[in-house]
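# Examining the three-dimensional arrangement
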Amino acid sequence: MDDVEKAILISFDESGAIDSELKSQAVNFCQKIKENPSICSLCIEKLCFCKHVQVQFWCLQALQEVIRVKYGSMSLEEKNFIRKSIFSMTCLEGIDDKMCAVLDSPAFIKNKLSQVLVTLIYFEYPLIWSSVFVDFLPHLSKGAVVIDMFSRILNALDDELVSMDYPRTPEEVAVAGRVKDAMRNQCVPQIVRAWYDIVSMYRNSDPEICATVLDCMRRYVSWIDIGLIVNDVFIPLLFELILVDGLSEQLRAAAAGCVLAVVSKRMDAQSKLSLLKSLQISRVFGLVSADNDSELVSGISALITGYAVEVLECFKRVNSEDAKVVSTELLDEILPTVFYVMQNCEMDAAFSIAQFLSGYVATMKTLSPLQENKMLHISQILEVICTQIRYDPMYRHNLDILDKIGVEEENRMSEFRKDLFVLLRNVGRVAPEVTRMFIRNSLANAITSSSDKNVEEVEAALSLLYALGESMNDEAMRVGNGLLSELVTNLLSTRFPCHSNRVVALVYLETIARYMKFIQENVQCIPLVLAAFLDERGIRHPNIYVSRRASYLFMRVVKLMKSKLVPFIETILQSLQDVVARFTSISFASKEPIGSEDGAHIFEAIGLLIGMEDVPLEKQSGYLSSLLTPLCQQVEATLMNSKALNPEESIVQIANIQQIIVAINALSKGFSERLVTSSRPAIGHMFKQTLDVLLQILVVFPKVEPLRTKVLSFIHRMVDTLGASVFPYLPKALEQLLAESEPKEMVGFLVLLNQLMCKFSTLVRDILEEVFPTIAGRVFSAIQRVADSSGPETNTEEIRELQELQKTLYTFLHVIATHDLSSVFLSPRNRDYLNSVMQLLLHASCHHKDMVTRKACVQIFVKLIKDWCPSSSGEEKVPGFKSFIIDTFSTNCCLYSVLDKSFEFGDANTLVLFGEIVLAQKVMHEKFGDDFLVRFVSKGFPSVHCPQNLAEQYCQKLKGSSDMKALRSFYQSLIEHLRQQQNGSLVFR
């Protein structure tokens with residue numbers, strides 16, 4: 001063993017026994033050898049004499065690299081030597097009278113050798129080495145070893161060059177075209193003849209080599225002359241191989257693959273139809289068996305489905321009636337077997353059941369009425385859908401406990417089912433009654449089935465019923481004609497043996513919710529619906545995922561049915577007593593938290609029920625009091641004893657208070673402002689008392705952020721529910737909320753003020769004037785940190801919170817301006833902040849990255865101009881504001897900012913902002929007249945070198961035009977002209 005072989009063996013070592021430095025040296029040594037001018041001779045010599053597969057592989061890899069990279073610079077002598085040597089190796093000839101044993105090596109070495117030869121073909125065939133294939137054919141008589149090698153070469157040619165299944169460069173596509181054209185003209189008939197002879201000769205003695213040859217042939221059918229295969233010689237041979245018992249399954253499956261390639265070959269529809277008919281495909285139907293998942297059955301299944309796809313495609317493309325009839329007959333002949341295959345056999349991954357069946361169903365849309373055999377096909381399609389959407393029982397436990405495997409399987413099935421449910425909807429449109437009858441029978445069979453697959457059968461049947469409901473419009477569901485009434489009634493009255501299973505329970509509840517429009521019109525079903533949601537099938541289901549979903553769906557049902565549930569309120573509340581009691585009877589000394597926010601949907605449902613005016617006042621008060629009083633008492637008890645709690649108890653009680661606030665918040669959603677303030681103020685009084693209690697939380701736990709967030713949410717709720725009667729509680733609430741100045745806290749506070757301004761407008765002026773100085777002081781200093789920060793370090797949680805605060809501040813200022821509250825800026829307490837506000841708005845209106853924020857700031861200025869600037873030459877309401885607008889805002893925002901290259905007219909939001917900027921100019925002219933025009937045109941325009949004629953046109957347009965669209969269009973063309981004139985040399989700031 002010489003140094004080269006040693007280095008190669010060391011570089012390939014994966015045992016870990018070789019020192020890493022030594023291995024690195026070996027790799028470098030091998031790399032240097034490749035640069036040796038005599039590398040090709042060295043590699044070929046090693047291939048002849050060395051038996052180590054690592055050395056053989058390295059040498060073949062090196063040869064391939066050298067040919068790819070250096071072919072153009074090689075001498076003729078070197079090319080001839082490589083060509084002759086590689087060819088000799090592949091066809092078991094000696095090199096310089098020495099036999100080379102590469103073909104005795106493992107498959108991966110032979111595959112690498114075939115790739116080297118294909119690399120030569122890439123460069124040399126047909127112009128230099130035109131006889132490569134013809135020269136090889138005589139050597140096939142040497143037997144299976146050479147036949148195998150020839151097949152590997154043809155496979156490598158397909159993989160590396162010809163097949164379009166892989167991305168190719170334009171150069172590779174051109175070379176592939178050249179190679180295929182030359183092969184068609186020169187040697188394809190001889191190769192096909194060789195394939196035929198080999199299979200005929202070796203079918204009994206060496207079926208494995210025959211299967212190899214047929215697998216190779218299958219690849220070539222798509223681009224060679226189909227007549228070489230489809231003839232009285234080759235097709236009978238292929239079918240004989242498929243049909244004769246006793247031959248190896250591998251060989252029979254390979255023959256089926258070749259027939260599938262013939263079936264799939266592209267050609268005009270009429271020729272294809274004739275070909276398909278001539279194959280007499282029914283001969284293979286008997287080979288499909290559900291009890292056999294062998295290679296042969298998989299091959300036959302792929303052949304049958306591929307054939308069916310091609311027949312359907314012919315049906316769509318042929319025009320003559322005769323051809324339509326033939327394609328219909330072929331479809332009718334093969335479809336029963338296709339349906340059987342779909343339900344019982346392993347499907348080829350490339351075949352889409354939903355796509356094929358959707359195509360077939362589409363052909364029925366024009367047929368009315370459907371013939372008996374078509375009706376049978378519809379039933380079989382529905383059977384296929386039902387089989388395909390069924391979960392595999394092996395995942396039953398995973399899906400029930402919803403572990404990682406269960407989640408993955410649920411997501412996979414959800415995606416897989418989408419196309420099948422679209423198919424179901426299409427079938428339902430073509431044959432609605434057949435579809436409903438099938439679903440009814442599926443449901444009935446699943447209920448009575450005692451098989452191991454009961455869970456999956458029931459889930460699939462319910463999923464079909466749910467999907468049917470999705471495809472129905474509201475009117476069809478309300479009317480509930482035909483079988484629908486029976487289906488829904490059966491659904492509601494059935495208790496499945498497997499109802500404890502999560503997937504069954506969930507789809508059952510979802511399906512009931514899907515058919516609520518029908519139940520609305522059929523009130524006799526309401527008791528059954530309530531029972532399903534309130535017993536162990538729903539809210540009391542042992543699986544937490546089911547009970548949570550049941551709570552949410554029940555709330556939706558109540559929201560939809562509302563007044564129709566009034567007679568059942570007592571029953572519902574009684575059924576929910578234990579759920580409610582979890583919230584209303586927790587002792588403040590309890591060591592266990594209530595849990596997550598599961599109760600929110602239940603309390604919202606109760607609120608929706610008892611909050612209706614249909615409920616008598618006395619009962620309504622009683623219901624509400626029975627819920628609010630114990631909840632508030634719990635909060636008060638916890639607050640009273642807060643100092644006595646140790647840290648562990650404190651965590652539990654804080655969690656419990658959070659859940660109580662969530663419950664009360666949800667409960668209040670059912671009560672309208674009109675009811676609690678006008679028609680039944682006593683109800684409003686209860687909520688005020690509750691608000692009073694919950695506001696104490698901010699005093700006792702001022703630093704507990706989750707509690708503050710929950711209380712803030714409840715204040716939002718009470719603003720909507722109590723209306724103006726919430727005012728007496730606001731000073732205390734706002735004072736406590738302002739006690740914290742963290743950015744997240746301030747965002748929530750500003751959002752509350754925005755809600756108050758939007759709802760009450762000028763009624764909140766006094767409150768706003770009171771809190772504005774504190775807000776301005778804190779927020780301006782906080783957001784300054786955003787302005788001062790830049791670079792990657794700005795992408796921190798703190799900076800993101802500050803950016804959110806800044807964004808909310810602009811919204812806050814916009815709401816003040818647009819709700820007639822701009823006088824707040826001018827009150828004696830707030831006047832000191834006026835300049836800071838103006839500078840902030842000016843900077844944002846010119847430079848903020850978000851165009852929507854810039855637009856809001858421009859709108860604020862427009863509103864302030866209208867509010868603070870009289871049209872006449874009266875006394876200024878805000879001294880200096882007019883000058884600031886004309887001298888600073890107008891030039892910076894209306895001129896310089898739109899000239900900046902960041903202002904892109906192609907962006908939709910930017911165009912809207914531009915419209916506001918043009919409107920601002922119009923308003924400034926209306927308010928300030930020539931004062932604005934003279935200063936804007938005489939100071940601003942010259943600084944950007946605006947031509948005099950354009951400045952004059954601008955003045956005329958602004959004075960005379962009432963058409964804002966025309967004015968905007970003119971100003972845009974003016975700005976674009978100025979940009980071209982500057983040629984990007986100026987960037988305005």
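Here the structure is a predicted model, which is why all the values come from computation and not from measurement.

## Quick word on the overall build of the protein chain
Broken down by element type, the protein chain carries 47 helices and two strands. The principal-axis extents of the C-alpha atoms in the protein chain amount to approximately 110 × 80 × 70 Å. Sequence separation of at least 24 residues holds for 73% of the intrachain contacts in the protein chain that already meet a minimum separation of 6. In the structure as shown, the protein chain presents an accessible area of about 44,200 Å², 51% of it carried by carbon and sulfur atoms. Distance between charge centroids for the protein chain: 5 Å, based on 99 positive and 117 negative side chains.

## Brief notes about helix α12 (residues 234-243)
By the criterion of burial, α12 is predominantly enclosed, with seven of the 10 residues buried. Buried within α12 we find F234, I235, L237, L238, F239, L241 and I242. Residues of α12 that are buried in the fold lie against α10 (188-202), α11 (207-220), α13 (249-264) and α15 (295-317).

## Details of the pattern of salt bridges
Summed over all chains, the structure comprises 44 salt bridges. In this structure, the salt-bridge partner of K669 is E604, at a minimum N-O distance of 3.8 Å. Residue K669 is located in the loop between α33 (647-668) and α34 (673-679), and its partner E604 is located in helix α31 (residues 599-610); the two are separated by 65 residues in the primary sequence. Judged by relative accessible area, E604 falls into the buried class, the value being 9%. Taken together, the shared-partner salt bridges in this structure form one network comprising R495, D535, E536 and R537.

## Focus: the packing of aromatic side chains
A full pass over the atoms with the stated rule returns 30 aromatic pairs. Both rings, one in F861 and one in F889, keep their centres 4.5 Å apart while their planes meet at 40 degrees; by these two values the pair is tilted. Taken together, the residues F861 in helix α42 (residues 851-868) and F889 in helix α43 (residues 881-899) connect sequence positions 28 residues apart. Side by side, F861 and F889 carry an identical accessibility label, which is buried. Clustering of aromatic rings is evident, with ring pairs tying together F903, F905, F914, F932, F936, F941, Y954 and Y971. Positioned above the aromatic ring of Y71 is the side chain of K79, whose terminal nitrogen or guanidinium carbon lies 4.2 Å from the ring centre. The ring of F416 is capped by R412, whose NZ or CZ atom sits 6.0 Å from the centre of that ring.

## So, unusual backbone geometry
Along the chain, Y125 connects to P126 via a cis peptide bond; the corresponding omega equals 0 degrees. Within the secondary structure, P126 sits in the loop between α6 (107-124) and α7 (132-136). You will see that H945, though not glycine, has its phi angle at about 60 degrees, which is positive. Inspection of the secondary structure assignment puts H945 in the loop between α45 (930-943) and α46 (948-960). Among the residues examined, H945 registers a relative accessible area of 49% and is labelled partly exposed.

## Description of the environment of Q981
For Q981, the location among the structural elements is in helix α47 (residues 964-982). For the pair Q981 and R935, spaced 46 residues apart in sequence, the C-alpha separation works out to 22 Å. Residue contacts for Q981: discarding those within four places in its chain leaves V944, H945, C946 and P947.

## Let's talk about the UniProt feature "domain: Exportin-1/Importin-beta-like" (unreviewed entry) in the protein chain
Per the UniProt record, the feature "domain: Exportin-1/Importin-beta-like" (unreviewed entry) sits at residues 106-258. Taken as a whole, residues 106-258 contains 71% helix and 0% strand, while its terminal C-alpha atoms sit 27 Å from one another.

## Section: the confidence of the model for the protein chain
In the predicted model, the protein chain carries a mean pLDDT of 91, and 95% of its residues have values of at least 70. Of the regions scoring below 50 in pLDDT, residues 984-989 engages in 10 contacts with residues more than four places distant in sequence or in other chains.

## Considerations on the environment of A666
Within the secondary structure layout, A666 lies in helix α33. The class of A666 is buried, set by a relative accessible area of 4%. Each C-alpha atom of the pair A666 and E604 lies 4.4 Å from the other, and the pair is 62 residues apart in sequence. When neighbours within four sequence positions are excluded, A666 is seen to be in contact with A600, F603 and E604.

## Thoughts on the side chain of D148
Position of D148 relative to the elements: it lies in helix α8 (residues 144-162). Excluding its chain neighbours within four sequence positions, the residues that come into contact with D148 are K110, I209 and T212.

## Quick look at the packing of α6 against α8
Each pair of packed helices gets described by two things: the angle between the helix axes and the distance between those axes. Relative to each other, α6 and α8 sit at 60 degrees, their axes nearing to 8 Å. Our classification of the angle between α6 and α8 gives oblique. Handedness of the crossing formed by α6 with α8: right-handed. Only D148, M149, R152, I153, A156, L157, E160 and L161 of α8 make contact with α6, whose side of the interface consists of A107, K110, N111, L113, S114, Q115, L117, V118, I121 and Y122. A breakdown of the residues in the contact of α6 with α8 according to their chemical character gives 11 nonpolar, three polar and four charged.

## A few points about the nonpolar core
Among the nonpolar cores identified, the biggest contains 369 residues, and F133, M183, W195, I519, F554, F812 and Y954 are the most heavily contacted of them. Excluding its chain neighbours within four sequence positions, the residues that come into contact with I519 are V488, L492, I512, C525, I526, V529 and M561.

## Some thoughts on helix α9 (residues 170-186)
For α9, with 17 residues, the first-to-last C-alpha span of 24 Å sits near the 24 Å given by 1.5 Å per residue. Within α9 the residues assigned to the buried category are V175, A176, V179, K180, A182 and M183. Looking straight down α9, one finds that the buried residues subtend no more than 165 degrees of arc, so they occupy a single side. In this structure, α9 carries P170 and N185 as exposed residues pointing more than 90 degrees from its buried face.

## Re the side chain of K374
As for its position among the elements, K374 is in helix α18 (residues 372-388). Ignoring any residue separated from it by four or fewer positions in sequence, one finds K374 in contact with T328, D332, Y360, M364 and L367.

## Points about the packing of helix α35 (residues 681-700) against helix α36 (residues 705-722)
Contact geometry for α35 and α36: axes closest at 10 Å, N-to-C directions at 155 degrees. Relative to α36, the element α35 lies roughly antiparallel. The interaxial crossing formed by α35 with α36 has left-handed handedness. Of the residues in α36, those in contact with G684, F687, K688, T690, L691, L694, L695, I697 and L698 of α35 are L707, R708, V711, F714, I715, M718 and L722. Within the contact of α35 with α36, the residues separate by chemical class into 12 nonpolar, two polar and two charged.

## Some words on the environment of P37
Tracing the sequence through the fold places P37 in the loop between α2 (20-34) and α3 (39-49). On the basis of relative accessible area, P37 is assigned to the exposed category, the value being 75%. For the pair P37 and G469, spaced 432 residues apart in sequence, the C-alpha to C-alpha distance is 75 Å.

Analysis parameters
- Residues numbered from 1 in each chain as written.
- Predicted model: local features only at pLDDT ≥ 70, side-chain atom pairs only at ≥ 80, totals over all residues.
- Heavy atoms only, no water.
- Helix = DSSP H or I, 4+ residues; strand = E, 2+ residues; numbered from the N terminus.
- Contact = heavy atoms within 4.5 Å.
- Areas by Shrake-Rupley, 256 points an atom, 1.4 Å probe, with all protein chains shown as cover.
- Lys, Arg positive; Asp, Glu negative; His and termini not counted.
- Charge placed at Lys NZ, Arg CZ, Asp CG, Glu CD.
- Buried < 20%, exposed > 50% of the residue type's maximum accessible area, 1.4 Å probe, protein only.
- Salt bridge = Lys/Arg side-chain N within 4 Å of Asp/Glu carboxyl O.
- Phe/Tyr/Trp six-rings, centres within 6.5 Å; stacked < 30°, edge-to-face > 60°.
- Lys NZ or Arg CZ within 6 Å of the ring centre and 35° of its normal.
- UniProt positions renumbered as here; feature names shortened; annotations may be inferred.
- pLDDT = per-residue confidence, 0-100.
- Axes fitted to C-alpha atoms, helices over the stretch in contact; angles between N-to-C directions.
- Parallel < 35°, antiparallel > 145°, perpendicular 65-115°, else oblique.
- Left-handed = near helix turned anticlockwise from the far one by under 90°.
- Nonpolar A, V, L, I, M, F, W, Y, C, P; charged D, E, K, R; others polar.
- Core = buried A, V, L, I, M, F, W, Y, C linked by side-chain atoms within 4.5 Å.
- Expected span 1.5 Å × (residues − 1).
- Arc of directions from axis to C-beta.

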